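# Overview (structure and organization)
Take a look at the letters that make up each chain.
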Amino acid sequence: MPRTRRLADGLYEEVVTDELADALELIAHRRHFDVATLDADADAGVVLARFLRGLIDRALAEVGGSGDDKLARQIQLSDELLRVLERHELIDRTQLLSTPARELRGVFPDPAARPRRPETPLATTTLLTLGQGEPRIGHELACEIDSSDRVDALVSFVTKGGVRVLREAIDRLVLRHQPGGPPVFRLLTTTYTGATEAAAVEELAQLPGVEVRISYDGRRTRLHAKAWLFHRESGLTTAYVGSANLSSPALTVGLEWMVKLARADVPHVIAKFSGAFETLWADREFQRFDPENAEDRERLRGALGAARGADDVAQLTFFTLRPYEFQEEILDRLRAEREIHGRRRNLVVAATGTGKTVIAAFDYARRAHASGIRPRLLFLAHRRELLTQARDTFRHVLRDASFGALLTGDDEPRQLDHLFATIASLRSSGLIERLGADHWDHVVVDECHHVPAASYQAVVPRLTPQVLVGLTATPERADGQSLLGDFGGHVAAEVRLWHALERQLLVPFEYYGIHDGVDERRMSSLRWTRGKGYDAAALDGLYTGDDVRAALVLAQLRRRVSNVRDVRALGFCVGIGHAEFMAAHFTKHGVPAVALHGQSPADLRERGRHLLERGDVQVIFTADLYNEGIDLPFVDTLLLLRPTESATLFLQQLGRGLRLHTNKACCLVLDFIGQHRQEFRFDAVFGAITGLPRGRLMAAAEQGFPFLPSGCSMALDEVARETVLRSLRTSVEARWTVLVAEAQAIARASQGEPITLAAFLLESGRELDQIYRHKSWTALAREAGLREIEADDDTLETCERLGRLLHIDDPDRLERIR
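Residues numbered from 1 in each chain as written. Predicted model: local features only at pLDDT ≥ 70, side-chain atom pairs only at ≥ 80, totals over all residues. Heavy atoms only, no water.

## Section: the overall build of the protein
If you tally the helices and strands in the protein, you get 32 helices and 24 strands. Burial statistics for the protein: of 818 residues in total, 48% are counted as buried. Across the protein, the fraction of contacts at a sequence separation of at least 24, relative to all contacts at a separation of at least 6, is 73%. Surface summary for the protein: the accessible area is close to 41,600 Å², and the carbon and sulfur share equals 51%. (Helix = DSSP H or I, 4+ residues; strand = E, 2+ residues; numbered from the N terminus. Buried < 20%, exposed > 50% of the residue type's maximum accessible area, 1.4 Å probe, protein only. Contact = heavy atoms within 4.5 Å. Areas by Shrake-Rupley, 256 points an atom, 1.4 Å probe, with all protein chains shown as cover.)

## Let's talk about helix α21 (residues 576-588)
The end-to-end C-alpha distance of α21, which contains 13 residues, comes to 18 Å, matching closely the 18 Å that a straight helix rising 1.5 Å per residue would cover. Phi for G590, located one or two positions after α21, is positive at around 90°. (Expected span 1.5 Å × (residues − 1).)

## Regarding the environment of T37
Among the structural elements, T37 can be located in the loop between α1 (18-27) and α2 (44-62). Since its relative accessible area comes to 74%, T37 is described here as exposed. Put simply, T37 and V16 are 21 residues apart on the chain and 9.9 Å apart in space, counted from C-alpha to C-alpha.

## Remarks on the sheet that holds strand β21 (residues 619-623)
An order of β20-β21-β19-β22-β23-β16-β24 is seen for the 7 strands of this open sheet, with the pairing classed as parallel. Each end of this open sheet is capped by a strand with a single partner; those strands are β20 (593-597) and β24 (713-716). Strand after strand, the sheet turns through a mean of 15° between neighbouring axes, direction not considered. Taken together, the 4 bridges between strand β19 (residues 569-572) and β21 define a ladder with parallel strand orientation. The residue of β21 that forms the bridge with G571 is F621. Lying on the sheet, α21 is in contact with β20, β21 and β22 (637-640); it crosses β20 at an angle near 170°. (Pairing = 2+ DSSP bridges. Axes fitted to C-alpha atoms, helices over the stretch in contact; angles between N-to-C directions.)

## A short note on the environment of R31
Mapping R31 onto the fold places it in the loop between α1 and α2. Judged by its relative accessible area of 37%, R31 is partly exposed. For the pair R31 and D9, spaced 22 residues apart in sequence, the C-alpha to C-alpha distance is 8.9 Å. Within the structure, the side chain of R31 is placed 2.9 Å from the side chain of D9, a separation counted as a polar contact. (Polar contact = N/O pair within 3.5 Å; in protein donor to acceptor, adjacent residues only side chain to side chain.)

## Looking at the pattern of salt bridges
In this structure the tally under the stated criterion is 35 salt bridges. The closest approach of N and O atoms between D57 and R53, which form a salt bridge, is 3.7 Å. A residue pair is termed a helical-turn pair when its members lie 3 or 4 positions apart in one helix, as D57 and R53 do in helix α2 at 4 residues. The partner of D441 in a salt bridge is R376, and the shortest N-O contact between them spans 4.0 Å. Of this pair, D441 sits in the loop between α15 (431-435) and β13 (442-445) while R376 sits in the loop between α12 (356-371) and β10 (377-381), and the two are 65 residues apart along the sequence. Judged by its relative accessible area of 30%, R376 is partly exposed. Taken together, the shared-partner salt bridges connect K160, R167, D171 and E203 into one network. (Salt bridge = Lys/Arg side-chain N within 4 Å of Asp/Glu carboxyl O.)

## Quick word on the sheet that holds strand β11 (residues 405-407)
In spatial order, the strands read β11-β12-β10-β13-β14-β9-β15; together these 7 strands make up an open sheet with parallel pairing. What marks the edges here is a single partner per strand, and that holds for β11 and β15 (491-495). On average, each strand axis in the sheet is tilted by 15° relative to the strand beside it, whichever way the strands run. Here strand β9 (residues 345-350) pairs with strand β14 (residues 467-472) via 5 bridges, running parallel. Its bridge partner lying in β14, L347 is registered against G470. Taken strand by strand, α12 contacts β9, β10, β12 (418-422), β13 and β14, and its axis lies near 165° from that of β14.

Here it is as structure tokens:
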């Protein structure tokens, strides 16, 4: 009688056989297990192939006999299996084994042209660790090149020594290049850390059939991979992925590990490698290097010198004259918006830290260059600090130290044609009335999510420039008002937070959601206003003086950093009292901290910034300060101590820690989450940070947010996780009865004012598709009693069909449909 299989606790991916089914039946009364039905539309074929391969491998290995007898039995078994496939018409007779059984090892024009064969098989995936008896990485790569038709490589850096190891094999490869044909050797590399040697790049790029593309972004690089792809027309394509760069130590004596992948083994992995390489090859970040072009050579050497810290002046000049590639993309989009689509009111959405002002300055410089004169410029912001930073940026880009004048409460301009003005100062100056609404040809509105505010509405709509550019990182306002109306209902170009993180334009974050111990009863006692959230004064009073919560914050910080005296942190508080209390608590317990807020004198704010940068204090606790517009790239830790359901405010605060800075690998984010009222909404905040649509947030939270930009992580402790999930269930699972109840509650609060669809979406925070997923707005208004609507079944069915148009965002097409 066969012995019953014992199943250890853990995860499995195994086809259920009769034996396994019996084992599961025996443990069903004392164990839980997950069994999924195979899906023909998913990967059932892959799962079954893996199952059969394991059985066939074992059967061929265990077949009886030895020597020639065992081989004969193995051939016989293989032939029988192939004939089963033939009977099912899945193969034809030409694919049966020929007699005697043989293996093709190569095809070449004559014996002298036989390429070197790697020591490791071309059809089998393996791992090279440079252990005893294993070939050197350099030897294997050279043999792979010798036997390939084309090679693709991506390495962080290239040195003369590395090229020397592979040069003979590369020379033989390029001899097979057809003049005028595509390159046979494509190389992606970087100037990151300055480790690449310019002479090595030039040597390779001079060879016929070799093309090199380089990322010159010295602040960061997305390319840490060391990987090679060897294309063979015979089908035996192989790839190497591991730790070896194109340097002599890595290819000869270094302790490098490389996985060799064989297409014959893992065709889907090779296909993914090939596709990913093509994507990077087409990415504008990687620029073609022409060794015959003096400007290219100078650019490479300047970037390498700057990365090594050898020439700060060269670095400044280099980056002043050239926007980054992602900024070039946005500039090209702006040009297309104006020249092709005729749209001259352009909204640019770019995550904090991606250089919105730099984009605006280059955009202006391009217009000035095209016309031969500098258009009259008006740059608007709401604070003087933003204006001085913007003016300096324009001066750098234009290479004119005298460009632009300030108009603020403290500054009177010398000229009015190139003006950097606060909204309040421009409004009170009477300049629009005196000069005319069309005086400025080019208007830039910084932090333009403020545009719907009354102060901006008193100025911006009155201006009639040739070009209006709006800059913001957070177009979604907390009050729900839209700013698209001032920009033709259209976003010209955008780089959202998750896009910027994927492209490593910002440092990645480590986010921890931590239950703060404040119970739901205390939070529920606070006054709540729809659209505004908790009463700020009451919340400030609740947190101020809470020594237990303050001690938890400090303990969690100490737990997650190796030395708390090394951090440069911002703590975002509810109000002034809360900020001062937290600073006093931290200082008392050995972590120097200061409190800064909107009422702090300007000299104290500046001094506090320098104290934090030098490490004289570890934390600045702030209220209504540093949310936007201030560049503190050295900040590496954020303490989120106030509840916010505003995606705008959350992203502004998060952005304070994500700017790139020397020796800053990531930003630590500690978010202290309480047991909030039922009305509190986490979906907006977590949707903003992850980029996930609302419907996928709950699954992501349950699974620990597995799909985040590279380098980022998110974790919720057990209590915080349940709090967030409870909120997401309420907000995400928009059942029809819930929507009806929300509409009725909004109607009661409106005191007789009619509720439109726009008003419902604004007040509820719902998305349009959540309504049309069930029925329609007409049906919702009828059932909630918002107004009397007479409609028959055909009319209601037609209204529901409007949901099929939700995916259309082309205004012209929508107008035609209307």
